[in-house]
Amino acid sequence: MRAIHTRSQERILNLLQNLKQGISAQDIYVELRNLKQSMGLATVYRSLDALKLEGLVQVRTLANGEALYSLTQQDKHHLTCLQCGISIPIHQCPVHELENQLQTSHQFKVFYHTLEFFGLCTKCQESGVRSQESE
Ligand SMILES: [Zn+2]
Ligand SMILES: [Zn+2]
């Protein structure tokens with residue numbers, strides 16, 4: 001069952017398909033303009049909202065509050081460093097099985113889930129130790 005999409009929604013889906021990472025609404029707006037497929041920022045947001053409710057697009061909110069959109073097929077999780085902000089993708093999903101169980105036990109249609117790990121990356125752990133030593 002595939003819903004009929006507006007031209008704006010199709011353009012956004014095509015753009016997201018070609019990206020390996022999440023992208024902000026603002027950047028989607030800029031990318032589309034570069035592709036000569038300009039649409040207003042309000043249309044970008046409205047289209048993303050519609051696609052989100054269809055379960056095709058997911059949102060990931062970063063520590064700085066920025067929302068990144070990506071296709072939901074990418075069941076990917078990240079280790080995010082609180083100091084330098086680096087996001088390291090991890091290619092494992094420990095809750096995949098749980099998701100299936102919840103769909104059955106709660107009769108709930110799960111579109112996606114989020115799981116994030118926060119802390120310090122190797123580099124920042126080292127620099128933290130060094131700056132403490134020099135004080
Ligand atoms: Zn770091
Ligand atoms: Zn997952």
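Residues numbered from 1 in each chain as written. Chains lettered and ligands numbered in written order. Predicted model: local features only at pLDDT ≥ 70, side-chain atom pairs only at ≥ 80, totals over all residues.

Asker: I keep staring at the overall build of the protein and nothing clicks. Help me out?
Answerer: Within the protein, the regular secondary structure consists of 5 helices and 5 strands. Its C-alpha radius of gyration of 18 Å places the protein more than 25% over the 14 Å reference for a compact globule of 135 residues. The dimensions of the protein, computed from C-alpha atoms along their principal axes, are 60 × 45 × 20 Å. Classification of the 135 residues of the protein by burial places 13% in the buried group. (Helix = DSSP H or I, 4+ residues; strand = E, 2+ residues; numbered from the N terminus. Rg over C-alpha atoms; globule rule 2.2 N^0.38 Å. Buried ≥ 20, exposed ≤ 12 C-beta atoms within 10 Å, placed from the backbone.)

Asker: Explain the sheet that holds strand β5 (residues 116-119) here, please?
Answerer: The strands making up a sheet associate through backbone hydrogen bonding, with each pair oriented either parallel or antiparallel. Strand order in this open sheet of 3 strands is β4-β3-β5, and the pairing throughout is mixed. Each end of this open sheet is capped by a strand with a single partner; those strands are β4 (87-90) and β5. Between one strand axis and the next, the sheet turns by 20° as a mean value, whatever way the strands run. As paired elements, strand β3 (residues 77-81) and β5 share 4 bridges and run parallel to each other. Bridge pairing links L79 to F117 in β5. (Pairing = 2+ DSSP bridges. Axes fitted to C-alpha atoms, helices over the stretch in contact; angles between N-to-C directions.)

Asker: Just checking my understanding: could you explain the packing of helix α1 (residues 7-17) against helix α3 (residues 41-53) for this structure?
Answerer: Each pair of packed helices can be described by the angle between their axes along with the distance between the axes. Taken N-terminus to C-terminus, the directions of α1 and α3 make an angle of 80°; their axes are 9 Å apart at the nearest point. Of the possible angle classes, the one that applies to α1 and α3 is roughly perpendicular. Only T43, V44, S47, L48, A50 and L51 of α3 make contact with α1, whose side of the interface consists of S8, Q9, I12 and L13. The residue makeup of the contact of α1 with α3, split by class, is 6 nonpolar, 4 polar and no charged. (Parallel < 35°, antiparallel > 145°, perpendicular 65-115°, else oblique. Contact = placed C-beta atoms within 7 Å. Nonpolar A, V, L, I, M, F, W, Y, C, P; charged D, E, K, R; others polar.)

Asker: Got a minute to help me understand unusual backbone geometry in this structure?
Answerer: A negative phi angle is the norm for most residues apart from glycine, just as the trans form is the norm for most peptide bonds. Look at K36: it is not a glycine, yet its phi comes out positive at around 60°. If you trace the backbone, K36 turns up in the loop between α2 (25-34) and α3. In this structure, Q107 takes a positive phi of about 50° despite not being glycine. In this fold, Q107 is placed in the loop between α4 (96-106) and β5.

Asker: For this particular structure, what's the right way to read the domain arrangement of the protein?
Answerer: One frequently used descriptor of interface size is the decrease in accessible area upon assembly of the parts. Annotation of the protein at the domain level lists domain 1 (1-74) and domain 2 (75-135). Between the C-alpha centres of domain 1 and domain 2 the distance comes to 22 Å. Opposite the 6 residues of domain 1 that make contact, domain 2 presents 7 residues. Of the residues that constitute the side of domain 1 that touches domain 2, the class distribution is 1 nonpolar, 4 polar and 1 charged. (Domains from an automatic or database assignment.)

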